[in-house]
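# An overview of the molecular structure
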Amino acid sequence: MRVLAETPGGWVMARRCCLCGESSTWVADQLPAGMRVYAVRVVLEAGPHVLTGEPLAGAEEAFRTIGSSRQDAYERSLFGRELRPVGQLVRTFLDGKEHLDER
C-alpha cells in the first residue's frame, strides 16, 4: 500500500494486488486507528549476483506507506514497492533509519 498524497479531503492511497497486478486508488478522510505514515526508501545495491557472480545494476525507490509499527510498515512496503530484486542486496529505510526484518 502506498500513500500518494495528503489533501484537505483526506489521504489518497493506492493498493496493488500482488497476484494479478490490478491497482485501486481511494481517499480516506483519516488514517485507520493506530496507524501512521512512514517514509520508505528501498535501495537495491549494485554488485555481483549472489549465486552467479554476474554484475547487477543498483536502483533506488522512495514512497510512503502506513503502518501500526515499523515492522508493520516494513511488511507493507514489501508489497508497495515497484522494484523487484533479482539478486541484489536490498536495504530498506523507514523514516531515514535502516530497518532489518524482525521475523
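Summarised in this report is the structure supplied together with it.

Within the structure shown, the criterion is met by 6 salt bridges. Of the charged contacts in the structure, one is a salt bridge between R2 and E61, with a shortest N-O distance of 2.3 Å. Here the residue R2 occupies a position in strand β1 (residues 2-7), and E61 occupies one in strand β7 (residues 59-67), the gap between them amounting to 59 residues. By relative accessible area, which is 9% here, E61 ends up buried.

With that out of the way, let us pick up helix α1 (residues 70-80). All of the buried residues in α1 are Q71, D72, A73, Y74, S77 and G80. Here the buried face of α1 lies against β1, β4 (36-45), β7, β8 (89-94) and β9 (97-99).

Taken as a whole and judged by the stated rule, the model has 0 aromatic pairs. Over the ring of Y38 we find R36; its NZ or CZ atom is 4.1 Å from the centre of that ring.

For D95, which is not glycine, the phi dihedral falls at a positive 50°. Checked against the element boundaries, D95 lands in the loop between β8 and β9. With a relative accessible area of 36%, D95 lands in the partly exposed category.

Here is what the cut-offs are and how they apply
Residues numbered from 1 in each chain as written. Predicted model: local features only at pLDDT ≥ 70, side-chain atom pairs only at ≥ 80, totals over all residues. Heavy atoms only, no water. Salt bridge = Lys/Arg side-chain N within 4 Å of Asp/Glu carboxyl O. Helix = DSSP H or I, 4+ residues; strand = E, 2+ residues; numbered from the N terminus. Buried < 20%, exposed > 50% of the residue type's maximum accessible area, 1.4 Å probe, protein only. Contact = heavy atoms within 4.5 Å. Phe/Tyr/Trp six-rings, centres within 6.5 Å; stacked < 30°, edge-to-face > 60°. Lys NZ or Arg CZ within 6 Å of the ring centre and 35° of its normal.

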